[in-house]
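Commentary on secondary and tertiary structure
Listed below, chain by chain, are the residues.
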Amino acid sequence: IVNEQMMRNAFGKGIKDLRSNYSVKTIAAIAGMLGCPSFYNLGCSLYFVIFGELMMLIALVATLYANRLIPRMDDDLLTAAGNLTRFRKINAEWIKYGIPTMVVWLGWLIVELFSGEEFTAGQAYAMIGGIAAGLTVGMCIGLRIRREIMRGVDELMAQIKEMQNM
């Protein structure tokens, strides 16, 4: 009984860690949605801003959907394992869509910066440098969070197997 209680406590901590990592992703998506209109103020086209908003909205909806799959403490082990399997698959697949979409967005941004008359070449290069630095830091943080999430899911799945074997 004590061993089972210890397993439940460890399971609960793992779930809490997953939820906190997903809170960071949710906040990032909301911040992205709030920041997209500033590109219009900088002289980028309305279509570019709409594309950025849609990209962030899809990321937010996918994050919220995946967050619903994180098990609750009162879920039975079979339900928890099924939800974690779907949750892991969504996280593994998301990078296949997120990276190409980001590449398209960045390419479009470069075209926007150099095609308009709002920016001199020096300003455009400075913006690209700032965006590249922000993108590098953001990707490092995002990939670290993704790795923590995947490791957390694997640990929770191992704990579920142990609890099923008790």
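For the structure itself, look to the data block above.
The structure reproduced in this document is the subject of the present report.

**Some words on the layout of surface pockets**
Taken as a whole, the largest pocket holds about 1,400 Å³ of empty space. Looking at the lining of the largest pocket, the elements with two or more residues in it are α1 (2-35), α3 (46-68), α4 (77-115) and α5 (121-165). At 13 residues, the largest contribution of residues to the lining of the largest pocket is made by α4. Looking at side-chain class alone, the lining of the largest pocket contains 30 nonpolar, 10 polar and 2 charged residues. Empty space within the second largest pocket amounts to approximately 190 Å³. Secondary-structure elements contributing two or more residues to the lining of the second largest pocket are α1 and α5. Tallied by class, residues from the lining of the second largest pocket come to 3 nonpolar, 4 polar and 5 charged.

**Notes on the packing of α3 against α4**
It is at 11 Å that the axes of α3 and α4 come closest, and there the two elements cross at 170°. The angle between the axes of α3 and α4 places the two elements in the roughly antiparallel class. Residues Tyr47, Phe48, Phe51, Gly52, Met55, Ile58, Ala59, Ala62, Tyr65 and Ala66 of α3 pack against Phe87, Ile90, Trp94, Thr101, Val104, Trp105, Trp108, Leu109 and Glu112 of α4.

**A closer look at the nonpolar core**
Counting residues in hydrophobic clusters, the biggest one holds 19 residues, and the most contacted among them are Phe11, Leu18, Phe87, Ile149 and Ile160. Those elements that provide at least two residues to this core are α1, α4 and α5. With 6 residues, α5 is the largest single contributor of residues to this core. Every residue in contact with Ile160, bar those within four places of it in the chain, is listed here: Phe11, Leu77, Ala80, Ala81 and Leu84. With 13 residues, the next largest nonpolar core counts Phe39, Phe48, Met55 and Leu106 among its residues.

**Comments concerning a nonpolar patch on the surface**
On the surface, a nonpolar cluster with roughly 550 Å² of combined accessible area is contributed by Tyr40, Leu46, Ile50, Leu54, Leu57 and Val61. Looking at the nonpolar patch element by element, the count peaks at 5 residues for α3. Checked against the element boundaries, Val61 lands in helix α3.

**Some thoughts on the environment of Val153**
Topologically, Val153 is positioned in helix α5. C-alpha separation for the pair Val153 and Asn67, spaced 86 residues apart in sequence, amounts to 12 Å.

**Examining α5**
Counted at 1.5 Å a residue, the expected span for α5 with its 45 residues is 66 Å, and the 65 Å between its end C-alpha atoms agrees. Every buried residue of α5 is listed here: Ala124, Ile145, Ile149, Met150, Gly152, Val153, Leu156, Gln159, Ile160 and Met163.

**Structural notes on the pattern of salt bridges**
Pairing is possible between side chains of opposite charge, provided their charged atoms come close. Summed over all chains, the structure comprises 4 salt bridges. Measuring nitrogen to oxygen at the nearest pair gives 3.4 Å for the salt bridge that ties Lys96 to Glu93. One end of the pair, Lys96, and the other, Glu93, are both in helix α4, 3 residues apart, so they sit about a helical turn from each other. Close ionic contact of Glu148 with Arg144 constitutes a salt bridge, the shortest N to O distance being 2.6 Å. One end of the pair, Glu148, and the other, Arg144, are both in helix α5, 4 residues apart, so they sit about a helical turn from each other. Judged by its relative accessible area of 27%, Glu148 falls in the partly exposed class.

**Let's talk about the side chain of Thr26**
Positionally, Thr26 belongs in helix α1. By relative accessible area, which is 15% here, Thr26 ends up buried. Those residues in contact with Thr26, other than ones at most four positions away along the chain, are Leu60, Thr63 and Leu64.

Quick notes on the rules
- Residues numbered from 1 in each chain as written.
- Predicted model: local features only at pLDDT ≥ 70, side-chain atom pairs only at ≥ 80, totals over all residues.
- Heavy atoms only, no water.
- 1 Å grid on protein atoms, 1.4 Å probe; cavity = no way out; pocket = protein on both sides within 12 Å on 5 of 7 lines; lining within 4 Å.
- Points joined across faces, edges and corners; volume = space filled by probe spheres on them.
- Helix = DSSP H or I, 4+ residues; strand = E, 2+ residues; numbered from the N terminus.
- Nonpolar A, V, L, I, M, F, W, Y, C, P; charged D, E, K, R; others polar.
- Axes fitted to C-alpha atoms, helices over the stretch in contact; angles between N-to-C directions.
- Parallel < 35°, antiparallel > 145°, perpendicular 65-115°, else oblique.
- Contact = heavy atoms within 4.5 Å.
- Core = buried A, V, L, I, M, F, W, Y, C linked by side-chain atoms within 4.5 Å.
- Buried < 20%, exposed > 50% of the residue type's maximum accessible area, 1.4 Å probe, protein only.
- Patch = residues over 30% accessible without salt bridge, like charges linked within 9 Å, V, L, I, M, F, W, Y side chains within 5 Å.
- Areas by Shrake-Rupley, 256 points an atom, 1.4 Å probe, with all protein chains shown as cover.
- Salt bridge = Lys/Arg side-chain N within 4 Å of Asp/Glu carboxyl O.
- Expected span 1.5 Å × (residues − 1).

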